[in-house]
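# Fold and geometry: a report
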Amino acid sequence: MENTAANPSAAAAAAAAAAAGNGVQASGTGGERPEDASKQNLAQVTSSIQKTLGLLHQLNLTVSSFNSASQLPLLQRLNALVAELDTMQKLAEGCNIQVPMEVVNLIDDGKNPDEFTRDVLNSCIAKNQITKGKTDAFKSLRKHLLEELEQAFPEDVEAYREIRATSAAEAKRLAQSHPGTLPNGDVKVKAEH
């Protein structure tokens with residue numbers, strides 16, 4: 001890292017090479033899957049961020065002990081920082097990462113972004129419990145209604161159960177003949193890996 005900071009033209013050349021190499025990889029040519037190109041592009045952006053942080057640290061050291069003799073190293077490090085920021089910006093154009101504003105706001109407030117993940121998970125768990133409670137209540141209501149109806153209309157309930165059994169068998173047969181289809185008619189979506 002010291003070598004790139006001391007030689008801004010080498011840093012600019014490295015930045016240009018990284019940006020040029022990125023354009024080919026991000027396009028997904030050469031048989032690469034788009035996910036692989038995206039992951040590689042993200043790795044390059046992460047590497048560029050690390051280089052930028054290192055350059056900022058070196059720049060901080062140079063500025064904190066500045067004297068007239070350190071003017072040339074200061075300019076070289078500034079040029080290297082500008083070149084790396086340009087590289088980072090070019091690499092980032094190939095990344096499609098969406099960060100919720102709540103996470104950005106938490107970071108701005110100096111809080112841990114994991115709080116957002118925890119809050120979202122807790123909210124999902126609470127909604128899941130509410131939905132499960134409603135489902136259980138409807139199952140209980142259905143069972144109770146069938147018991148009451150069976151006492152009042154035994155022939156109709158028997159006909160209903162036969163229709164329901166026939167319908168369930170037909171749905172099962174359709175599901176087996178079309179493995180990508182769910183019982184409600186929706187199509188299964190392959191999970192991302």
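What counts and how
Residues numbered from 1 in each chain as written. Predicted model: local features only at pLDDT ≥ 70, side-chain atom pairs only at ≥ 80, totals over all residues. Heavy atoms only, no water. UniProt positions renumbered as here; feature names shortened; annotations may be inferred. Salt bridge = Lys/Arg side-chain N within 4 Å of Asp/Glu carboxyl O. Helix = DSSP H or I, 4+ residues; strand = E, 2+ residues; numbered from the N terminus. Buried < 20%, exposed > 50% of the residue type's maximum accessible area, 1.4 Å probe, protein only. Polar contact = N/O pair within 3.5 Å; in protein donor to acceptor, adjacent residues only side chain to side chain. Contact = heavy atoms within 4.5 Å. Patch = residues over 30% accessible without salt bridge, like charges linked within 9 Å, V, L, I, M, F, W, Y side chains within 5 Å. Areas by Shrake-Rupley, 256 points an atom, 1.4 Å probe, with all protein chains shown as cover. Core = buried A, V, L, I, M, F, W, Y, C linked by side-chain atoms within 4.5 Å. Axes fitted to C-alpha atoms, helices over the stretch in contact; angles between N-to-C directions. Parallel < 35°, antiparallel > 145°, perpendicular 65-115°, else oblique.

Looking at an unreviewed UniProt entry, one finds the protein named Mediator of RNA polymerase II transcription subunit 10, with Miscanthus lutarioriparius as its source organism. According to UniProt, the comment filed for the protein under the heading Subunit (unreviewed entry) is "Component of the Mediator complex." Among the UniProt annotations of the protein, the heading Subcellular location (unreviewed entry) holds the following wording: "Nucleus".

On inspection of all chains with the given rule, the structure shows five salt bridges. A salt bridge links E150 to R161; the shortest N-O distance between them is 3.1 Å. A residue pair is termed long-range when its members are at least 10 positions apart, and E150 in helix α6 (residues 114-152) and R161 in helix α7 (residues 154-177) qualify at 11 residues. By relative accessible area, R161 is classed as partly exposed at 34%. Between R173 and E170 there is a salt bridge, with its nearest N and O atoms 2.6 Å apart. Of this pair, R173 and E170 both sit in helix α7, three residues apart, roughly one helical turn. Taking the relative accessible area as the measure of exposure, R173 reaches 45% and is therefore partly exposed. Look at E170 and you get partly exposed, because its relative accessible area is 37%.

Relative to the helices and strands, T62 is located in helix α3 (residues 34-64). A distance of 2.9 Å separates a polar side-chain atom of T62 from the backbone oxygen of Q58. With sequence-adjacent residues up to four places away left out, T62 is seen in contact with S70, L74 and R77.

The next point concerns the environment of M88. Within the secondary structure layout, M88 lies in helix α4 (residues 71-92). Residue class for M88 comes out buried when judged on its relative accessible area of 18%. Leaving out residues up to four positions away in the same chain, M88 has contacts with S48, I49 and T52.

Okay, the side chain of S48 next. Position of S48 among the secondary structure elements: in helix α3. Separated by 2.6 Å, the side chains of S48 and E84 make a polar contact. Not counting chain neighbours up to four residues away, the residues in contact with S48 comprise E84, T87, M88 and L91.

What follows deals with a nonpolar patch on the surface. Together, L42, I97, V99, M101 and V104 make up an exposed nonpolar region whose accessible area comes to about 430 Å². Along the chain, M101 falls in helix α5 (residues 101-108). Residue class for M101 comes out exposed when judged on its relative accessible area of 54%.

In this section: the nonpolar core. Grouped together as the largest cluster of nonpolar side chains are five residues: L55, L59, L74, A80 and L81. Sorting elements by how many residues they give to this core places α4 first, with three residues. When neighbours within four sequence positions are excluded, L74 is seen to be in contact with L59, T62, V63 and F66.

Put simply, α6 and α7 touch, their axes get as near as 6 Å, and they point 135° apart. Put simply, α6 runs oblique to α7. Between α6 and α7, the residues in contact are R142, L146, L149, E150, Q151 and A152 and P154, V157, Y160, R161 and R164, respectively.

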